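One letter stands for each residue in the lines below.
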Amino acid sequence: MAKEATAPTLYTVAAPPHWHCGRTVTGVMQQYILALVPAAVMAVVYYGLPALRVMALSCATAVAVEALCCRVMDRESSVDDFHAVLVGLLLAFLLPAMAPWWLVVMGSALAIIIGKMFFGGLGGNPLCPAVVGWAIVALSWKTQADPDAMVLSTMLVNPLTQLKYLGLEAAGQVSLTDMLLGRQLGGLGATQVLALFAGGFYLISRGLLRCYVPLAFLAGVLLAGLAFSLADPGAQPGPLFHLFTGSVVLAAFFLATDPSSSPVTRPGMVAFGLTAGVMTVLIRVYGIYPDGTPFAVLFAALFTPVFDLLRPKPFGAR
Amino acid sequence: MSFVKEFAKGLWKELPPFRLVLGLCPTLAVTKSAADGLGMGAAVIFVLVLSNAIISMVRKIIPKKVRIACFIVIAASLVVAVELLMQAYAYPLYQSLGIFVPLIVVNCIILGRAEAFASKNPVHLSIADGLGMGIGFTMSLTFLGALREVFGAGKLFGATVFGPDFKPFTFMVEAPGAFVCLGLILGAMNYLAIWQSKRKGLPEPSLAASCGGCRACSIGESKQIMQEG
């Protein structure tokens, strides 16, 4: 861009359309971050300053790494569109509040490098960057990325781990109200259910988020949870338990809806959300991970090109 | 002169896994450690050199229509030989390579070199080609194995590299780590190639991954010519 103009009278003419509604990438990203603020505040309330430390470190690393990547790739820096901040914040929400600094730095850097910049930056990523970063660190450092092993100085319990290892009765000690208010152990922001619901509905009401993916995701979790609890009521909790635990709400509103890794057509979005939701419960019931939500999101995102084939018939087509 | 040329091309210019992007199954599956990569490479050198030599010797007798079957039979007999040798003299290596030793038969490098080179060239050149390709393959596998072992387990050929505080980056020795590493290396090779040709003032080279300059197209072309002729 810094090349000298060859002719003195060279006017910049943007491509049409020449009027638009004023919505910009930067603006949308800022609104997303605003929608995450309640959950971030709740996380600081429950976990104290360590949570703030993880979030700040993750965001800062993401921005620095993206700036560095842009420099290496010899392109205009894209950090001012706030997407890196959003990725960093979402990644921090999935990590335990006491995560060691190097884990946060690695996760955030890998989310930006492997999840986003390898594919050409915003809009090119086939998977949600924050989930990619989380998956890599969670596979590599199982103990350090596990809230149950890291956050010891708390009275909160993780209902999912209780369910996995101690059975339904132990999981029942966390009431649904507690879960809603975030009084459960998990990723530092992922478990602030009510705050995340508020943020999600804010985005939907502002028209920044189409409701198909989140609603289909939640419906998928509820349906699969209901099916399992009806099949085996003695060992499986009710569908609302699955809805309010782990990172389901965060995934439904913020991770699965990542614009470039989710389908664009309405039937595609519904199928995508249902797949991710049902996969979540399947991983929880049959998998080795207590909460498989991010893996379910990755799994569904792999099928996005297929879901995109589910499109309405064009008018007049045979 | 051409002997040296055929030998040297496998070492960098047509490095099998990273330039030709051939033989990816062992490249991805058995490079959890540098030693595994080296052992696999040695087995492939053995099979590749001998199969190239034998195929080149009998290339005038093999009927065109059944040549693939003949190549496979020759490669398979050599692989069985290498498998038995490994069981006899390197049993731990055999155990750690597992199913991937018999799978050398279907390794694209063996068949690819037989089809693209040995079936058209005299014996001494075929041996040079096999040796160069084999050594290039071994180098690549050992390099990738070392990379993954150092970061994924903190070791190199079994010896600890980092201090006790190092937490192994297990992702690297898992399956997805192999894909990411391979992609990174391919990218680095392309970057190097572009940089080199820029420095020499040449036009941008054709790159691995997009096309590879692997001469696979020339295989297709020769096939067409054969069908037409």
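Residues numbered from 1 in each chain as written. Chains lettered and ligands numbered in written order. Predicted model: local features only at pLDDT ≥ 70, side-chain atom pairs only at ≥ 80, totals over all residues.

1. As for the overall build of chain A
Thinking step 1. Secondary structure summary: chain A contains 16 helices and zero strands in total.
Thinking step 2. On C-alpha atoms alone, chain A measures out to a radius of gyration of 21 Å, which is about the 20 Å that the 2.2 N^0.38 rule sets for 318 residues.
Thinking step 3. Structurally, chain A occupies a C-alpha span of about 80 × 55 × 30 Å along its principal axes.
Thinking step 4. Residue burial in chain A is summarised as follows: out of 318 residues, 49% are buried.
Thinking step 5. Pairs at least 24 residues apart make up 74% of the contacts formed inside chain A by residues separated by at least 6 positions. (Helix = DSSP H or I, 4+ residues; strand = E, 2+ residues; numbered from the N terminus. Rg over C-alpha atoms; globule rule 2.2 N^0.38 Å. Buried ≥ 20, exposed ≤ 12 C-beta atoms within 10 Å, placed from the backbone. Contact = placed C-beta atoms within 7 Å.)

2. Digging into the overall build of chain B
Thinking step 1. Scanning chain B for helices and strands turns up 10 helices and two strands.
Thinking step 2. Walking chain B from its N terminus toward its C terminus, one meets helices and strands in the order α-α-α-α-α-α-α-α-β-β-α-α.
Thinking step 3. When each of the 229 residues of chain B is scored for burial, the buried share is 37%.
Thinking step 4. Across chain B, the fraction of contacts at a sequence separation of at least 24, relative to all contacts at a separation of at least 6, is 73%.

3. Some details on helix α9 (residues 175-200) of chain B
All names here are of chain B.
Thinking step 1. If you check α9, its first and last C-alpha atoms are 38 Å apart, about what 26 residues at 1.5 Å a residue would give, namely 38 Å.
Thinking step 2. Among all positions of α9, only Gly 177, Ala 178, Cys 181 and Leu 182 are buried.
Thinking step 3. Looking at the packing, one finds that the buried side of α9 touches α3 (24-29) and α8 (123-153).
Thinking step 4. Count one or two residues on from α9 and you reach Gly 201, which has phi positive near 75°. (Expected span 1.5 Å × (residues − 1).)

4. Quick word on unusual backbone geometry
Thinking step 1. One non-glycine residue, Phe 82 of chain A, adopts positive backbone phi at about 65°.
Thinking step 2. Looking at where Phe 82 of chain A falls in the secondary structure, it is placed in the loop between α2 (49-72) and α3 (83-94).
Thinking step 3. Phi is positive for Phe 157 of chain B, which is not a glycine, with a value near 50°.
Thinking step 4. Topologically, Phe 157 of chain B is positioned in the loop between β1 (155-156) and β2 (159-160).
Thinking step 5. For Phe 157 of chain B, a count of 13 C-beta atoms within 10 Å puts it in the partly exposed group.

5. Here's the deal with the domain arrangement of chain A
Residues and elements named next belong to chain A.
Thinking step 1. Domains assigned within chain A are domain 1 (25-140) and domain 2 (157-189 + 198-307).
Thinking step 2. A straight line from the C-alpha centre of domain 1 to that of domain 2 covers 21 Å.
Thinking step 3. The interface is formed by 31 residues belonging to domain 1 together with 23 residues belonging to domain 2.
Thinking step 4. Listed by contribution, the elements that provide at least two residues to the side of domain 1 that touches domain 2 are α1 (25-47), α2, α3 and α5 (129-140).
Thinking step 5. No other element matches the 12 residues that α1 contributes to the side of domain 1 that touches domain 2.
Thinking step 6. In terms of residue class, the side of domain 1 that touches domain 2 is made up of 27 nonpolar, four polar and no charged. (Domains from an automatic or database assignment. Nonpolar A, V, L, I, M, F, W, Y, C, P; charged D, E, K, R; others polar.)

6. Observations regarding α2 of chain A
Residue and element names in this part refer to chain A.
Thinking step 1. The first and last C-alpha atoms of α2 sit 34 Å apart over 24 residues, in line with the 34 Å expected at 1.5 Å per residue.
Thinking step 2. For α2, the complete set of buried residues consists of Ala 51, Val 54, Met 55, Ser 58, Cys 59, Thr 61, Ala 62, Val 63, Val 65, Glu 66 and Cys 69.
Thinking step 3. Where α2 terminates, the next one or two residues include Asp 74, which has phi positive at roughly 60°.

7. Structural notes on the packing of helix α11 (residues 212-231) of chain A against helix α13 (residues 248-255) of chain A
All names here are of chain A.
Thinking step 1. Running from amino to carboxyl end, α11 crosses α13 at an angle of 155°, the nearest separation of the two axes being 8 Å. Judged on the interaxial angle alone, α13 and α11 are roughly antiparallel. Viewed along their axes, α11 and α13 form a crossing whose handedness is right-handed. Mapping the contact onto sequence places Pro 214, Phe 217, Leu 218 and Val 221 in α11 and Val 248, Ala 251, Ala 252 and Phe 253 in α13.
Thinking step 2. Among the residues making up the contact of α11 with α13, the classes are represented as eight nonpolar, no polar and no charged. (Axes fitted to C-alpha atoms, helices over the stretch in contact; angles between N-to-C directions. Parallel < 35°, antiparallel > 145°, perpendicular 65-115°, else oblique. Left-handed = near helix turned anticlockwise from the far one by under 90°.)

8. With respect to the nonpolar core
Thinking step 1. If you look at the biggest cluster of nonpolar residues, it comprises 146 residues, and the most contacted ones within it are Ala 130, Val 131, Leu 255 and Val 297 of chain A together with Val 47 of chain B.
Thinking step 2. Both domains that meet at this core, namely domain 1 (25-140) and domain 2 (157-189 + 198-307) of chain A, each give it at least three residues.
Thinking step 3. Ignoring any residue separated from it by four or fewer positions in sequence, one finds Val 131 of chain A in contact with Leu 255, Pro 294, Val 297 and Leu 298 of chain A. (Core = buried A, V, L, I, M, F, W, Y, C linked by C-beta atoms within 7 Å.)

9. Regarding the packing of helix α4 (residues 34-57) of chain B against helix α5 (residues 67-89) of chain B
Residues and elements named next belong to chain B.
Thinking step 1. Between α4 and α5, whose axes approach to 9 Å, the crossing angle comes to 145°. Remark: the crossing between α4 and α5 carries right-handed chirality. Note on element contacts: α5 touches α4 through Phe 71, Ile 74, Ala 75, Leu 78, Val 79, Val 82 and Met 86, opposite Ala 43, Phe 46, Val 47, Leu 50, Ser 51, Ile 54 and Ile 55.
Thinking step 2. Residues of the contact of α4 with α5, tallied by class, amount to 13 nonpolar, one polar and no charged.

10. Section: the confidence of the model for chain B
All names here are of chain B.
Thinking step 1. Here chain B shows a mean pLDDT of 85. Residues at 70 or above account for 88%.
Thinking step 2. pLDDT under 50 marks residues 208-213. Its contacts with residues more than four places away, or in other chains, come to 14 contacts.
Thinking step 3. With pTM at 0.85, the complex prediction returns an ipTM value of 0.79. (pLDDT = per-residue confidence, 0-100.)

11. Observations concerning the environment of Val 58 of chain B
Thinking step 1. Mapped onto the elements of the fold, Val 58 of chain B is located in the loop between α4 and α5.
Thinking step 2. Spatially, the C-alpha atoms of Val 58 of chain B and Pro 168 of chain B are 50 Å apart, while their sequence positions differ by 110 residues.

12. So, the environment of Pro 126 of chain A
Thinking step 1. Tracing the backbone shows Pro 126 of chain A in the loop between α4 (101-116) and α5.
Thinking step 2. Those residues in contact with Pro 126 of chain A that lie beyond four places of it in its chain are Phe 119, Ser 261 and Ala 301 of chain A.

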